[in-house]
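Report on the structure
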Amino acid sequence: MSPSAKVLLELRGVHKSFRMGELTVEVLRGVDLEVYAGEIAVVLGYSGSGKTTLLNIMGALDRPSAGTVLFEGWDLGLLDEGALAEHRRQNLGFVFQLYNLIPTLTAAENVAVATEGVEGGPMDPREALGLVGLAERGDSFPAQLSGGEQQRVAIARAIARKPELLLCDEVTGALDSTTGRLVLETLVRLNERIGSTIVMITHARPIAALADRVLRIDSGRIVEVRANERRAAVAEVDW
């Protein structure tokens, strides 16, 4: 990234430990990283490397045991639980491997629910569905949609709030290669068209080619940060 690029999210010396009976398990061991506005960053790591715990801390779903998390220069450690929830609502979007759609609501209604209480003029649900290529499926219920379509509804739900940062956890993990490519194309298109900053957590090494930067995590530490000379097109990625 350019030296003048804006740092959107910054972690400094972040540790995270969990108690398991009489044992303390350290999952993150002094993580330092930056996420720059407008980039696609991929956090690459094997199962158990700490990447999902890292995502939870980046997304203010969990607090670090030690260290500092700054969002646009604001120290999230100073916020109480209510203020953290408001930060998530106004500034962040989440896409998980499980779609978590409400089965009794249509696609458009699932998106609309996520925009309640959001300031600054969220997207119309059907506009968000149009951005992910599902303009004609707004009246369909989740059971009437394929897995890839449900994942794209989940992405529309996340972006309808116009979040500054979109966090994606193994979004292609349960999808076949064709559907996975559609989902990845959707994310890249969102980054290019509306400037969404995207962090993707994955164990799938080929996905790293789509990123501006790749951060590799191993045993709770960032062990490599590298910039791609160019971002590959989704069609170039070997599944």
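Residues numbered from 1 in each chain as written. Predicted model: local features only at pLDDT ≥ 70, side-chain atom pairs only at ≥ 80, totals over all residues. Heavy atoms only, no water.

What follows concerns a nonpolar patch on the surface. Taken together, the side chains of Phe18, Met20, Leu23 and Val25 make up a nonpolar region of the molecular surface, amounting to roughly 380 Å² of accessible area. Elements represented by at least two residues in the nonpolar patch include exactly strand 1 (7-20) and strand 2 (23-36). Along the polypeptide, Leu23 turns up in strand 2. (Patch = residues over 30% accessible without salt bridge, like charges linked within 9 Å, V, L, I, M, F, W, Y side chains within 5 Å. Areas by Shrake-Rupley, 256 points an atom, 1.4 Å probe, with all protein chains shown as cover. Salt bridge = Lys/Arg side-chain N within 4 Å of Asp/Glu carboxyl O. Helix = DSSP H or I, 4+ residues; strand = E, 2+ residues; numbered from the N terminus.)

Okay, the packing of aromatic side chains next. In total, this model carries 1 aromatic pair according to the counting rule given. Aromatic pair Phe94 and Phe96: ring centres 5.9 Å apart, planes at 5°, arrangement stacked. With relative accessibility at 14%, the residue Phe94 sits in the buried group. (Phe/Tyr/Trp six-rings, centres within 6.5 Å; stacked < 30°, edge-to-face > 60°. Buried < 20%, exposed > 50% of the residue type's maximum accessible area, 1.4 Å probe, protein only.)

Further remarks concern the packing of helix 5 (residues 147-159) against helix 6 (residues 177-194). Following both chains from N to C, one finds helix 5 and helix 6 inclined at 20°, their axes separated by 9 Å at the closest point. When the axes of helix 5 and helix 6 are compared, the pair comes out roughly parallel. You can see that helix 5 and helix 6 cross each other, and the crossing is right-handed. Residues Gly148, Gln151, Arg152, Ile155 and Ile159 of helix 5 form the contact with helix 6, whose own contacting residues are Thr179, Leu182, Val183, Thr186, Leu187 and Leu190. Its residues assigned to classes, the contact of helix 5 with helix 6 comprises 6 nonpolar, 4 polar and 1 charged. (Axes fitted to C-alpha atoms, helices over the stretch in contact; angles between N-to-C directions. Parallel < 35°, antiparallel > 145°, perpendicular 65-115°, else oblique. Left-handed = near helix turned anticlockwise from the far one by under 90°. Contact = heavy atoms within 4.5 Å. Nonpolar A, V, L, I, M, F, W, Y, C, P; charged D, E, K, R; others polar.)

With that out of the way, let us pick up the layout of surface pockets. Of the pockets and cavities examined, the largest pocket occupies roughly 160 Å³. Lining the largest pocket we find Arg88, Arg89, Phe94, Phe96, Ala114, Arg157, Ala158 and Arg161. Looking at the lining of the largest pocket, the elements with two or more residues in it are helix 2 (81-91) and helix 5. Taken together, the residues that form the lining of the largest pocket break down as 4 nonpolar, no polar and 4 charged. (1 Å grid on protein atoms, 1.4 Å probe; cavity = no way out; pocket = protein on both sides within 12 Å on 5 of 7 lines; lining within 4 Å. Points joined across faces, edges and corners; volume = space filled by probe spheres on them.)

Take the pairing of strand 10 (residues 221-227) next. Of the strand pairs in this sheet, strand 9 (residues 213-218) and strand 10 are connected by 6 bridges, and their pairing is antiparallel. From the neighbouring strand, Arg213 faces strand 10, where its bridge partner is Ala227. Counted along the chain from strand 9 to the antiparallel partner strand 10, the turn is 2 residues long, and its residue Ser219 has a positive phi close to 50°. (Pairing = 2+ DSSP bridges.)

Let us look at the sheet that holds strand 7 (residues 165-169). With respect to topology, 6 strands assemble into an open sheet ordered 6-7-8-3-9-10, the strand pairing being mixed. With one partner strand each, in any of the chains shown, strand 6 (92-95) and strand 10 form the two edges of the open sheet. Averaged over neighbouring strand pairs, the angle between their axes works out to 20° when direction is ignored. In this structure, strand 7 lies alongside strand 8 (residues 197-202), joined through 5 bridges in parallel fashion. Opposite Leu166, over in strand 8, you have Ile198 as the bridge partner. With respect to the sheet, helix 5 is in contact with strand 6 and strand 7, its orientation differing from that of strand 6 by roughly 170°. The sheet strands contacting helix 6 are strand 3 (40-44), strand 7 and strand 8, and the helix crosses strand 8 at an angle near 155°.

This part takes up the nonpolar core. Counting 41 residues, the largest nonpolar core has Ile159 and Met200 as its most contacted members. Secondary structure elements with two or more residues in this core: strand 3, helix 3 (107-114), helix 4 (125-131), helix 5, strand 7, helix 6 and strand 8. Counting residues per element, this core draws most heavily on helix 5, which supplies 6 residues. Val43, Met58, Leu215 and Ile217 belong to the second largest nonpolar core, which has 28 residues in total. (Core = buried A, V, L, I, M, F, W, Y, C linked by side-chain atoms within 4.5 Å.)

All right, on to the sheet that holds strand 2 then. Pairing is antiparallel in the open sheet, where 4 strands are placed in the order 2-1-4-5. The open sheet has two edge strands with one neighbour each: strand 2 and strand 5 (74-75). Relative to strand 5, strand 4 (residues 66-71) runs antiparallel, the two sharing 2 bridges. Considered in strand 5, the bridge of Leu70 is made with Asp75.

Another aspect to go through is helix 3. Ala107, Ala108, Asn110, Val111 and Ala114 are the residues of helix 3 that are buried. Along helix 3, the residues classed as buried sweep out an arc of 160° about the axis, all on the same side. Against helix 4 and helix 5 lie the buried residues of helix 3. (Arc of directions from axis to C-beta.)

Interpretation in functional terms is not warranted from these geometric data alone.
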